[in-house]
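Chain by chain, the residues run as shown.
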Amino acid sequence: MNKKYKITVLVMLLVMATVLGSLCIDQKSDEKTATANQSGIQSQGGTLRYATAFYPEDTLDPAVKWTGWYMREVGVYETLFSYDENMNLRPELASKYEKISDTEWRIYIREGVKFHDGTPMNADAVVYSLNRVLDDNNSRKVEYNFIQSISKYSDDAVTIKTNSTYAPTIASLTDPITSIVSPSSKDLNTTAIGTGPFKVKSYTKDVNLVLEKNENYWNGTPKLDNVTIYFVKDDMTRLFKLESNEVDIADGIPQSEVADLKNNSDYTLYSNATLRTYFLYVNMNKEPLNNVKVRQALNYALDRQQIVNTALEGVGGTPAKSFFPSVMNWSINNKIDMVSQDEQKAKSLLAEAGLKDTNGDGWLEYNGKPFELSIKTYTGRPQLKPAAEVIGTQFESIGIKTSVTVLESGALTDDMNKGDYDLALYAWTVATTGDPDYFVSKHFESTGAEAQKTGYSNPQVDEWIKAGEQTMNQTQRKEYYDKVQEQVLEDCPEIFVFYQNSIVGANKKVGGIKQFPNEISFLTKDIYIKQ
């Protein structure tokens, strides 16, 4: 074989290999495309329509009251730290932190993050944002009074100094009120410039919020192009919009409709435990509610499973053992037995406290007068009114006449601040920041804002709460909060009824939904629409 022939054969072999190779690549590519088409998953694009019951009403500013919750939930704003769907603390706009001393923390800022307006997210922006929370005009400033100062350490780090040792410092920076905003924003009431996966395109008060994806999102490009969020207070209306294909997702599905939706192959039902506890405030400043035996009797009067079965259709929640649900690591539900209904025990305690049926009409009297209780609750959460009514029926079964009054939340708050209530049924997320101090210091420390409403004061509980704040070891901290739970269950300044489950309905074409127990996040970069 001559040299020229060898070269010709070699060239032909190379050409054939190239052609065959290209055919193999094309075939694999076609197989991938076919697989993608069969699954119906589109990695990017599309507009999601979402109906929600809770939304910003007067401002888009995350540092105003609870607005940050809504703006965080829809993926506009982010915080230095956050929690994943399993309530694990993680850095978000921060990259890490260091504990310099018992009263000094160094927080390092994630590099390369830009706000929606293209300006850099840096130490200056963090100092600016957090100082807005500390402003004397901020109604929630008292929650951050533990902070002495926030200062720039370098372009990518800030220093937070506290007035004294405060273990929940880092956890407190997960609350959406501490959302990092762009200092260049002219008016945060009407515009929202954050770092999240979605940007605000338009906002119509009481109607909708229109979002578009943040193409330069630091944590990866969102799969959706746009999101339209419809503000719909009525539960059934949200469901109708989902079933008529006007929206793709609806939150707060009515409990009575869960079974039908679950059995409909066109939809996916998401139901998960949350950190929201429903409980009764007890006005301990009133006789005979100032008597612990009366409060304990009310606790024994409750059949919590019946309340869940009746008021929540058996799907909207689970009976409460304490104020912390078991979805959080701090919970000691596995050590505490739920208080079971015991009407005889309840009647015995009431009799010891001087409440007796002296005229034989079936109703109890106190100091010679008929004894009646009023349960006040508020609009906004559909579980409250039916739950209050079932509770009232259970109180009546032990001889206490009970009425239920439903008010606007502002009116109920005013009544409670004035001491004009017997019992008040409320719903609280008990660990917004993923730390027990958030709830216990407000509700059970003598100086706490909510303890002022009930009149609760126990010096031993105060000591445990303070120790929990100042102890850095988490295992040791948990021991203090275990003791707080046990003592509160004994003292009954509040009576815990049930933990709420979130119920979200979605069209089958929606994927990538995650549910977060603290109810702070919902719209993430990973949500997509199948085509």
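Residues numbered from 1 in each chain as written. Predicted model: local features only at pLDDT ≥ 70, side-chain atom pairs only at ≥ 80, totals over all residues. Heavy atoms only, no water.

Engineer: Would you mind showing me how to read the environment of Ser-244 here?
Structural biologist: For Ser-244, the position within the fold is in the loop between helix 5 (235–243) and strand 11 (249–251). Ser-244 gets classed as partly exposed once you look at its relative accessible area, which sits at 41%. Looking at Ser-244, its side chain comes within polar contact range of the main-chain oxygen of Phe-240, at 2.7 Å. A distance of 3.4 Å separates the side chain of Ser-244 from the backbone oxygen of Lys-241, its partner in a polar contact. (Helix = DSSP H or I, 4+ residues; strand = E, 2+ residues; numbered from the N terminus. Buried < 20%, exposed > 50% of the residue type's maximum accessible area, 1.4 Å probe, protein only. Polar contact = N/O pair within 3.5 Å; in protein donor to acceptor, adjacent residues only side chain to side chain.)

Engineer: Can you walk me through the packing of helix 14 (residues 459–470) against helix 15 (residues 474–491) in this structure?
Structural biologist: The packing of two helices is summarised by the inter-axis angle and the distance between the axes. Running from amino to carboxyl end, helix 14 crosses helix 15 at an angle of 155 degrees, the nearest separation of the two axes being 8 Å. With respect to their mutual orientation, helix 14 and helix 15 come out roughly antiparallel. You can see that helix 14 and helix 15 cross each other, and the crossing is left-handed. Between helix 14, through Val-461, Trp-464, Ile-465, Ala-467, Gly-468 and Glu-469, and helix 15, the contact on the second element is made entirely by Arg-477, Tyr-480, Tyr-481, Lys-483, Val-484 and Gln-487. (Axes fitted to C-alpha atoms, helices over the stretch in contact; angles between N-to-C directions. Parallel < 35°, antiparallel > 145°, perpendicular 65-115°, else oblique. Left-handed = near helix turned anticlockwise from the far one by under 90°. Contact = heavy atoms within 4.5 Å.)

Engineer: How should the pattern of salt bridges be read in this particular structure?
Structural biologist: It is possible for side chains bearing opposite charge to pair when their charged atoms get close. Counted by the stated rule, this structure contains 36 salt bridges. Between Glu-104 and Arg-106 there is a salt bridge; the shortest N-O distance is 3.3 Å. For the pair Glu-104 and Arg-106, a shared accessibility class is recorded, and that class is buried. Asp-526 is the partner of Lys-525 in a salt bridge, and the nearest nitrogen-oxygen pair spans 3.0 Å. Among the charged side chains, a network of salt bridges with common partners joins Arg-140, Glu-143, Asp-175 and Lys-442. (Salt bridge = Lys/Arg side-chain N within 4 Å of Asp/Glu carboxyl O.)

Distances and angles like these do not, on their own, reveal function.
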